[in-house]
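Here is how the chains run, residue by residue.
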Amino acid sequence: ALSRNEVLTERTDIIGSAILGLTAPCADAITARGVSSWWVLANCDLDVLRGTLAAAGLASIDPSTWPHQARLLSLAQWDRFKTFADTIRREGLLG
């Protein structure tokens, strides 16, 4: 789990992000599409994310939790993010 300070240092950076399931290849693909911050990701349409990943050969990745994670992080809702991240891990929702 990330500490609050670790999350703060990553606040607007998608690459190396705290977003669970967002690997470097995924981050490269969505960043190339203009998704460059947690706020942009939070407001990104899931069909656009899925299409972007598919075009990059990453169709097996499920980005369905990314916008919600990004919203919590962009709004500095650290405790809610931690609770949601714990749920993702526990329920195996990493994609």
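Analysis parameters
- Residue positions are counted from 1 within each chain, in the order its sequence is given.
- In keeping with the model being predicted, local features are shown solely for residues with a pLDDT of at least 70 and side-chain atom pairs are shown and tallied solely at 80 or more, while totals for entire chains, interfaces and linings include all residues.
- Values reported for side chains reflect all heavy atoms of the structure, with hydrogen atoms and water molecules removed beforehand.
- The helix count covers DSSP runs of H or I at least four residues long, the strand count covers runs of E at least two residues long, and both are numbered beginning at the N terminus.
- Only heavy atoms enter the contact rule, under which two residues are in contact if any of them lie within 4.5 Å.
- Grouping buried Ala, Val, Leu, Ile, Met, Phe, Trp, Tyr and Cys residues that are joined through side-chain atoms within 4.5 Å yields what is termed a nonpolar core.
- Only protein chains enter the calculation, and the probe is 1.4 Å; a residue is then buried if its accessible area is under 20% of its type maximum, exposed if over 50%, and partly exposed in between.
- Here, a salt bridge means any side-chain nitrogen of Lys or Arg that lies within 4 Å of a carboxyl oxygen of Asp or Glu.
- Confidence per residue, as judged by the predictor, is encoded in pLDDT with a range of 0 to 100.

Trainee: I keep staring at the environment of V40 and nothing clicks. Help me out?
Mentor: Its location among the elements puts V40 in helix α3 (residues 38-42). In sequence terms V40 and S74 are 34 residues apart; their C-alpha atoms lie 9.2 Å from each other. Setting aside residues up to four positions removed in sequence, V40 forms contacts with G34 and V35.

Trainee: So what exactly am I meant to see when it comes to the nonpolar core here?
Mentor: Buried together is how nonpolar side chains tend to be arranged in soluble globular proteins. Formed by 24 residues in total, the largest nonpolar core has its most connected members in I19, L22, L41 and W66. Of all elements in the fold, only α2 (24-32), α3, α4 (46-55), α5 (66-74) and α6 (78-91) reach the threshold of two or more residues within this core. If sequence neighbours within four positions are ignored, W66 has contacts with I19, L20, G21, L22, C26, L41, L49, L53 and I61.

Trainee: What is the right way to look at the pattern of salt bridges in this model?
Mentor: For the structure on display, the rule yields four salt bridges. Close ionic contact of R50 with D47 constitutes a salt bridge, the shortest N to O distance being 4.0 Å. Note that R50 and D47 are positioned in helix α4 at a spacing of three residues, about one turn of the helix. Overall, R50 belongs to the partly exposed group, its relative accessible area being 37%.

Trainee: Would you explain the confidence of the model for the protein chain in this entry?
Mentor: When pLDDT is low, close inspection of the predicted coordinates is not appropriate. Looking at the protein chain as a whole, the pLDDT averages 85, with 82% of positions reaching at least 70. Mean pLDDT across the elements of the protein chain ranges from a minimum in helix α1 (residues 4-9), with 47, to a maximum in α4, with 97. Low pLDDT, under 50, characterises residues 5-12; the predicted model gives this stretch 17 contacts beyond four residues in sequence or across chains.

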